[in-house]
Amino acid sequence: MAERDLVEQIRERADFIEIVSRYVALKKSGKNYIGPCPFHADKTPSFTVSPDKKLFHCFGCGEGGDLFQFVMKMEKLEFAEAVERLAQQFGVPLGRRSASPLQKLKEINERVAAFYQTNLVSPAGAKAREHLKQRGFSKETIEKFKLGYALPKWDDLIKTFPKDLESLITVGLVLRSSEERLYDRFRDRLIFPIWSLTGEIIGFAGRTLGDEEPKYLNIANTPLFEKGTVLYGLNFAREAARQRDLFVLVEGYTDVISAHQLGIKNVVAGMGTALTASQAQLLKRFASNVILAYDRDAAGRIATLRGMANLRNAELEVAVALLPDGSDPDGFLRAHGAEKFVQLLDRSLPFYEFYLSALWEEHDPKTVVGKERVLQSLSEFLPTLSSTALRHEITREAARVLNLPEEEVARAVKAVKRAGIISPPATAEPAWGHEEQVLYFVLQGDLTISHLKEVVSVEDFTRYPEIARALWELNEEWTLEALLTRLSAEDQVTVRRLALAQPPWREGDRPRALVEAPLRLRQRRIEERIARLCAQLRTAQRAGDHERVNALETEHWQLVQARRRLLQGGRRTQ
Ligand SMILES: [Zn+2]
């Protein structure tokens, strides 16, 4: 039987509650069941199972997943073994299956990688070869990283590996359309195999050769590959990193490849999401220092800051290398060479200094509005740091620049945090900000994606950009399962938590919260843009740049109108 159908059949037949009850004493609580968590020393019943959503989640330690993940974690099994065991228990026929399905999946990945490599050196690969040549990648480098090329065809893999269709679907290389048609995931793309820590090919990414979006396409999560637990290049970098006790983290695959080609071998990249706690643990196994070398824009992003907090919390020393405006490591290395890049790394800033300097760049600490914004940002960021000493250090430095007493800053940070919450959150549940509320309603099926798209845009989600992007892509056809397979481990925790959460408002307030949450999210973004414009306006006025003042005033007026319409719209629908 096909792998996918097998998994579906088991999911349908198995009684999730009955299986969990073999290990945990569950009690009914509303629509869900709760009990003491089997994965951590749990005093309160933090462990929640939803029979409707077929999900479990612990609000204490964050463990969670579906039926298969529960059995894998409880019995320390691999995915294929858990499938096998559950199939036997629930009388689902297994059909013809080889001894080690995971091994089979790794083998198909190897064969596909070799196939893509052949395409690259064939006449049809000329355009891709030219692209690599312009990047200055040598033949040895291309072979070492097994770079390849997917032809502009919808069924190249399907026709080349007709006997392995099921495996190709399982490893994410062949997709099924909504009309059940099969097609290759990668077409006319440069192919980057992604390796496990031990050098096995566990996934692929494809880069366009033209301008189409997205520039990079990853496979979704599979039994071999989970986004938030993998670092690109780690198999090549681990030894050098151990020797130097240092990793250099970059953003892109080509940044990694350029660095390795020039002999800087302790370089790895994330997988396009904020660095997760499990990636941080992985790095920690080999070195205790990390330097982030991102382009300026990326370095300031909230997702990056969240990643830095994860690294810090794994007790890694974190610093940030400041690349010149508009350049990424790949471009910098090509333009200036390895020596200059190493000098840049040597001059990197400790991470908290970088964080504060980014704050001062964004907000004017001399104005009241600027001070408020800084306190807001601190109140969101500081709680993500587990080190008390570091939190104090940042508070002290912020107080100095803001010219406020330290205790005032500490108190204000706490007060701002409280004001953003509708009511005090339950134990171990984080703040219910606007984004959490909106996602909660979507996950409960109360808010459709099309309605959401009318009010807010993906950019309004600054805490959970990846979750929003995945929902936007999946559109009305989203399911909890499809959503979860697209996310990093960390975002999966957020989704499970919000899917099974008890909301902080009383049942009677629910309709109002449902209307207001997306409006408030939109409003917050508009307020932020207005504040930024005001700062730019003042600068332009001081500089006597009348043309710019005019342009900014027009934009400001439009935003104020947009805010007014939004607030009126909100009232009208109530
Ligand atoms: Zn737990």
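We now turn to the structure provided with this report. (Residues numbered from 1 in each chain as written. Predicted model: local features only at pLDDT ≥ 70, side-chain atom pairs only at ≥ 80, totals over all residues. Heavy atoms only, no water.)

Protein-derived ligands of the zinc ion are C37 (SG), H40 (ND1), C58 (SG) and C61 (SG), with the metal-ligand distances lying across 2.1 to 2.3 Å. Each of the four donor atoms bound to the zinc ion contributes to angles spanning 102 to 122 degrees, and the resulting shape is tetrahedral. Look at where the donors of the zinc ion fall in the sequence and you get C-x2-H-x17-C-x2-C. Residue C37 is found in the loop between β2 (32–35) and β3 (47–50), and its partner C61 is found in the loop between β4 (55–58) and β5 (64–65); the two are separated by 24 residues along the sequence. (Donors = N, O, S within 2.8 Å, 3.2 Å for Na, K, Ca; no water. Tetrahedral: all angles 85-135°; square planar, octahedral: opposite > 155°, others 65-115°. Helix = DSSP H or I, 4+ residues; strand = E, 2+ residues; numbered from the N terminus.)

Between helix α20 (residues 434–443) and helix α24 (residues 489–499), whose axes approach to 9 Å, the crossing angle comes to 70 degrees. As judged from the angle between their axes, α20 and α24 are roughly perpendicular. Judged by the sense of rotation from one axis to the other, the crossing of α20 with α24 is right-handed. Every residue of α24 that contacts α20 at E436, L439, Y440 and L443 is listed here: V495, R497, L498 and A499. Tallied by class, the residues present in the contact of α20 with α24 amount to six nonpolar, no polar and two charged. (Axes fitted to C-alpha atoms, helices over the stretch in contact; angles between N-to-C directions. Parallel < 35°, antiparallel > 145°, perpendicular 65-115°, else oblique. Left-handed = near helix turned anticlockwise from the far one by under 90°. Contact = heavy atoms within 4.5 Å. Nonpolar A, V, L, I, M, F, W, Y, C, P; charged D, E, K, R; others polar.)

Pairing is mixed in the open sheet, where five strands are placed in the order β13-β12-β14-β15-β16. Two strands in the sheet have a free side with no partner beyond their single neighbour: β13 (267–269) and β16 (349–350). Sheet topology note: the strand β15 (residues 317–320)/β16 ladder contains two bridges and is antiparallel. By the bridge assignment, A319 is partnered in β16 with P350. Sitting on the sheet, helix α11 (residues 253–261) is in contact with β12 (246–250) and β13, with an inclination near 170 degrees to β13. Where helix α14 (residues 302–313) meets the sheet, it contacts β12, β14 (289–292) and β15, and its direction lies at approximately 150 degrees from that of β15. (Pairing = 2+ DSSP bridges.)

In this section: the sheet that holds strand β6 (residues 148–150). The four strands are arranged β6-β9-β10-β11 in an open sheet whose pairing can be described as antiparallel. With partners counted over all chains shown, the strands left at the sheet margins are β6 and β11 (216–218), one partner each. Across the sheet, the axes of successive neighbouring strands diverge by a mean angle of 35 degrees, strand direction being ignored. Where strand β10 (residues 201–208) meets β11, three bridges bridge the pair, whose relative direction is antiparallel.

Within this structure, the stated rule accounts for 32 salt bridges. One salt bridge in this structure joins E239 and R242, with 3.7 Å as the shortest N-O distance. Within this pair, E239 and its partner R242 are both found in helix α10 (residues 234–244), separated by three residues, close to a single helical turn. On the accessibility criterion, R242 (41% relative accessible area) is partly exposed. Across the pair R512 and E516 runs a salt bridge whose closest N-O atoms are separated by 3.8 Å. With R512 and E516 both in helix α25 (residues 510–543), this residue pair falls four residues apart, about one helical turn. Since its relative accessible area comes to 45%, R512 is described here as partly exposed. (Salt bridge = Lys/Arg side-chain N within 4 Å of Asp/Glu carboxyl O. Buried < 20%, exposed > 50% of the residue type's maximum accessible area, 1.4 Å probe, protein only.)

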